[in-house]
Amino acid sequence: MLKKRLIAVLILRAGKVVQSVKFKHTNVIHYDATHVMEAFNKWAVDEIVVLNVSRESSSKTQFAEVIEKISSKCFVPLAVGGWIHDVDYAQTLLRRGADKLVLNTAFSDNPDLIKSLSLKFGRQCIVASIDCKRGSEGESYVAVDRGSRVINVSPLDWAKNAVSLGAGEIFFNSIDHDGARMGYDLVNLEKICSAINIPVIAFGGVFNWEHLLQGINAGAVAVANQFHYTE
């Protein structure tokens, strides 16, 4: 049986830790991500995910530098993502201290890259970040490119596709739930968990600790905003 994991998430824009509300990142919480790492070590979280949500590809260099600083203070597995468009940058992040790579848009735009990374670094290194958005009829569809582009595919079908391309883990988030304080998107989460045989991380929407309990059946629950405002 897989261990139930509590995962802390850092969302970085231009190197600063920001709050995410439906994928809007306007509120800076911390100017130095390494300081946050010290708190996470005290709280004994199981893993840490760091995502670069900057809109400019030029942020890649700064992000890699931040990862190197964070990794020196991180004592648990570290997964990182954002602007991973080629093997060279993926390798840079791993050399700077990352243990896993979190990819989103590449599953849509460059599936061959996913296959290459999975073959080169191992399936356990590839985390498929799946973001979904609710349509006008209430159905959920996958969104890529930082939530800006909706694809006419259900989160469940996208998760199955991610597994076939070489993902070893799913990081699932709902744009509608992100920062909305109403808990995880349990409907889509349960569909995915019941249909695939790789670990699933639930993310987006935690406001109270009951929400964590509701999502723990996924195997891992992740929290960003809530960790910054309470111990």
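Residues numbered from 1 in each chain as written. Predicted model: local features only at pLDDT ≥ 70, side-chain atom pairs only at ≥ 80, totals over all residues. Heavy atoms only, no water.

**Here we look at helix α6 (residues 155-165)**
And step 1. Those residues of α6 that sit buried are P155, W158, A159, A162, V163 and L165. Along the axis of α6, the buried positions cluster into a sector of 165°, meaning they face one direction only.
And step 2. Positive phi appears at G166, one or two residues downstream of α6, with a value of about 125°. (Buried < 20%, exposed > 50% of the residue type's maximum accessible area, 1.4 Å probe, protein only. Helix = DSSP H or I, 4+ residues; strand = E, 2+ residues; numbered from the N terminus. Arc of directions from axis to C-beta.)

**Looking at the pattern of salt bridges**
Pairing between side chains becomes possible if they bear opposite charge and their charged atoms approach one another.
And step 1. Counted by the stated rule, this structure contains seven salt bridges.
And step 2. With its nearest N and O atoms 3.3 Å apart, the salt bridge here joins K100 to E47. With K100 in strand β6 (residues 100-103) and E47 in strand β4 (residues 47-52), the pair connects residues that are 53 residues apart, well separated along the chain.
And step 3. Residue classification places K100 among the buried residues on the basis of a relative accessible area of 14%.
And step 4. Across the pair R96 and E68 runs a salt bridge whose closest N-O atoms are separated by 3.5 Å. Residue R96 is found in the loop between α3 (87-95) and β6, and its partner E68 is found in helix α2 (residues 59-71); the two are separated by 28 residues along the sequence.
And step 5. Taken together, the salt bridges that share partners define one network made up of R5, E47, K100 and E169. (Salt bridge = Lys/Arg side-chain N within 4 Å of Asp/Glu carboxyl O.)

This is a description of form; function is not addressed.
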